[in-house]
Structures are given as structure tokens and as C-alpha cells.
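# Per-entry structural report
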Amino acid sequence: MLTIKGLIIREEQKGESSKYIYALTAERGVIGFLVRGGMKSSKNSASTQLYVYSELCIEEKKNAAGDTLYYLNSSEAIEMFFELRLDIIKMSLAAYLTELIYYSRIEDSTDKNEILRLALNTFYFLNKGSKDREMLKSIFELRLLCETGFRPALVACSKCYKYEDDKMYFNMRSGTLECNECCTNKDSMFAVVFDKRLLYIVRHIALTDFDRLFSIRISPDYQAKLTDFTERFVKYHFKESFKTLTFYRSL
Ligand SMILES: [Zn+2]
């Protein structure tokens, strides 16, 4: 029996009355397991709802083909994020963020604890409503990609090592930064222009210690620029657009 804590990120109906649940955990990354009778009201129904952080007792069984299958034995909710459930906009953002987690490449070498911490902190602030929703979304999008192997090289100009310039050019494809003098392909479709403030914000999200990650303040005009950047960054790396994001934007 495996006892782990996980944030429920996805559910799929299986047959008449069971459901298949995916949870983000610090130990295994995303783990999927069957909840027998999960579509009916049962002792596990609250703790296996979407966006609940729960303690999960999971049985591992091997089938005839030798595959390991996971079944929920019992569960208990640790944090329900109750306020989030009362607000359609918060719920739709949660749907988008958990879809990003589901489609992320979380490998053995990935620090899964950092990803769980990022998700739980984002959900905590989203639930409480104490931080700007768009800021939470941008922090989550960029930092998730950083933690899953796509952290851009933002420390300095990749050619002359200049730390800052009135304009710096980030290339989405190479993941590198160039100063105004060194950049030779400013009109590239992969180029993003950062002024000093935007570069500061993007560096903060990608590079700062986790404890300080959510402490930044971003003005509405810079938030709009940041949103534009993080959505492009997501689109570039995931190679697809998300219906959950389209729905969130439609509200
Ligand atoms: Zn340079």
C-alpha cells in the first residue's frame, strides 16, 4: 500500500460508476488510479474531487500482462480550496492550470516537490483571492516550464554578458537573451522584447528562490505584457493551445 499526498488534477469516468483520477504528488509526479464506485456518492467522493489536496492510500496490483495498476483504497481531504469552488472564473483558471500539469513532461529527474509546492501555493492564493489572478497565472505558467526543464537563460546577454540594457531581446526558440547591440535578428518571429522592468519581472519568476516567488508586485500595464509573454512561452513549448484557456478568457 502506498500512502501519498496529492492534488487531484483530472478525472475521467470509467464504466457506469467508477472514475479514474490523476493526482500530482511529490513522490511520483502525476499518478493515475481507479476509484471504484467513484461516480456515486461514497466516503471518498469529497476527497477525490477535482482541486482537492488529499491523503491517498493506493493499492498497487499487477495484471496478467505485468502492468502495474493502481486502485484507491481510502482517502482523506487535507485542503478543499473551498472558495475556489464558488467562483466560475477561479474554477476555470484552476482547470487550465491543472491541464498544464497533466500535459507537462515530469521526468524522474524533475523536482516534483517543487511542482507540487508551486501548484499548492498558486491554489492557496487563488482560493483566498489575495493576489491578482493574472499574476498567479503568469507565475504558474513560466515557473512550471522552468521546473520541467525549460528554464530560459536570462542571466545576461548570451554574447557579451551585459546584465541589462534599455531593450533586451529574448529568443523563444533558442531560449537565450541578447542585448540591443548583439541582437542581429530583432524581427524574428521568435523574438520578444524586454524592457528593464519586464526583464526584472521575468527574471524574478524564473530565477528567484521559491520563498520569494509570489512576493512581487506587477502593475496592470506590465501584467498585460507579462501575460502576452507567458502565454506565448506556453504555446511554444507545449506546441498546442488549450481549450481551458480559451474558456477562461471567454468569461
Ligand atoms: Zn550583448
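Residues numbered from 1 in each chain as written. Predicted model: local features only at pLDDT ≥ 70, side-chain atom pairs only at ≥ 80, totals over all residues. Heavy atoms only, no water.

Bringing the overall build of the protein chain into the picture now. What the protein chain contains, in helices and strands, is six helices and eight strands. Ordered by position from N to C terminus, the α and β elements of the protein chain give β-β-β-β-β-α-α-α-β-β-β-α-α-α. When burial is assessed residue by residue, the protein chain has 50% of its 251 residues classed as buried. Considering only intrachain contacts with a sequence separation of at least 6, the fraction spanning at least 24 residues in the protein chain is 61%. On the protein chain, roughly 12700 Å² of surface is accessible, and the fraction owed to carbon and sulfur atoms is 49%. If the 37 positive side-chain charges of the protein chain are averaged to one point and the 34 negative ones to another, these points end up 1 Å apart. (Helix = DSSP H or I, 4+ residues; strand = E, 2+ residues; numbered from the N terminus. Buried < 20%, exposed > 50% of the residue type's maximum accessible area, 1.4 Å probe, protein only. Contact = heavy atoms within 4.5 Å. Areas by Shrake-Rupley, 256 points an atom, 1.4 Å probe, with all protein chains shown as cover. Lys, Arg positive; Asp, Glu negative; His and termini not counted. Charge placed at Lys NZ, Arg CZ, Asp CG, Glu CD.)

Another aspect to go through is helix H1 (residues 88-103). Over its 16 residues, H1 extends 23 Å from the first C-alpha to the last, a length consistent with the 22 Å expected when each residue adds 1.5 Å. Within the span of H1, buried status applies to Lys 90, Ser 92, Leu 93, Ala 94, Tyr 96, Leu 97, Thr 98, Glu 99, Leu 100 and Ile 101. The N-capping residue of H1, defined by a side-chain oxygen 2.9 Å from the backbone nitrogen of Ile 89, is Asp 87. (Expected span 1.5 Å × (residues − 1). Polar contact = N/O pair within 3.5 Å; in protein donor to acceptor, adjacent residues only side chain to side chain.)

With that settled, the discussion passes to the sheet that holds strand S8 (residues 191-194). As summarised here, the arrangement of the three strands in space is S7-S6-S8, forming an open sheet in which the pairing is antiparallel. Each having just a single partner strand, strand S7 (176-179) and S8 make up the two edges of the open sheet. Averaged over all neighbouring strand pairs, the angle between strand axes comes to 30°, with direction disregarded. Bridging between strand S6 (residues 168-171) and S7 involves four bridges; their strand directions are antiparallel. Its bridge partner being in S7, Phe 170 is matched across the sheet by Leu 177. (Pairing = 2+ DSSP bridges. Axes fitted to C-alpha atoms, helices over the stretch in contact; angles between N-to-C directions.)

The subject of this paragraph is the nonpolar core. By size, the foremost hydrophobic cluster in this structure holds 61 residues, and its most contacted members are Leu 7, Phe 170, Phe 194 and Phe 229. Listed in part, the twelve residues of the second largest apolar core include Ala 23, Ile 31, Phe 33 and Tyr 70. (Core = buried A, V, L, I, M, F, W, Y, C linked by side-chain atoms within 4.5 Å.)

Time to look at unusual backbone geometry. One non-glycine residue with positive phi stands out, namely Tyr 51, at about 65°. Mapped onto the fold, Tyr 51 is located in the loop between strand S3 (29-35) and strand S4 (53-62). On the basis of relative accessible area, Tyr 51 is assigned to the buried category, the value being 6%.

By a widely used convention, the size of an interface equals the accessible area lost when the partners come together. What the domain assignment reports for the protein chain is domain 1 (2-79) and domain 2 (85-250). Computed over C-alpha atoms only, the centres of domain 1 and domain 2 are separated by 30 Å. Taken together, the contacts link 17 residues of domain 1 with 16 residues of domain 2. Carbon and sulfur atoms make up 71% of the surface buried where domain 1 meets domain 2, a total of about 1400 Å² over both sides. Our enumeration of links across domain 1 and domain 2 arrives at zero salt bridges. Listed by contribution, the elements that provide at least two residues to the side of domain 1 that touches domain 2 are strand S1 (2-14), strand S2 (18-25) and S3. The leading source of residues in the side of domain 1 that touches domain 2 is S1, at four residues. Class assignment for the residues of the side of domain 1 that touches domain 2 results in ten nonpolar, three polar and four charged. (Domains from an automatic or database assignment. Buried area = accessible area lost by both parts, 1.4 Å probe. Salt bridge = Lys/Arg side-chain N within 4 Å of Asp/Glu carboxyl O. Nonpolar A, V, L, I, M, F, W, Y, C, P; charged D, E, K, R; others polar.)

All right, on to the coordination of the zinc ion then. Of the protein atoms, only Cys 157 (SG), Cys 160 (SG), Cys 179 (SG) and Cys 182 (SG) coordinate the zinc ion, at distances of 2.3 Å. Taken together, the four donor atoms coordinating the zinc ion span angles of 100 to 117° at the metal, a pattern that classifies the geometry as tetrahedral. The sequence pattern describing where the donors of the zinc ion fall on their chain is C-x2-C-x18-C-x2-C. With a gap of 22 residues between them, Cys 157 in the loop between helix H3 (133-150) and S6 and Cys 179 in strand S7 connect regions that are remote in the sequence. According to the relative accessible area criterion, Cys 157 is buried, its value standing at 1%. On the basis of relative accessible area, Cys 179 is assigned to the buried category, the value being 1%. (Donors = N, O, S within 2.8 Å, 3.2 Å for Na, K, Ca; no water. Tetrahedral: all angles 85-135°; square planar, octahedral: opposite > 155°, others 65-115°.)

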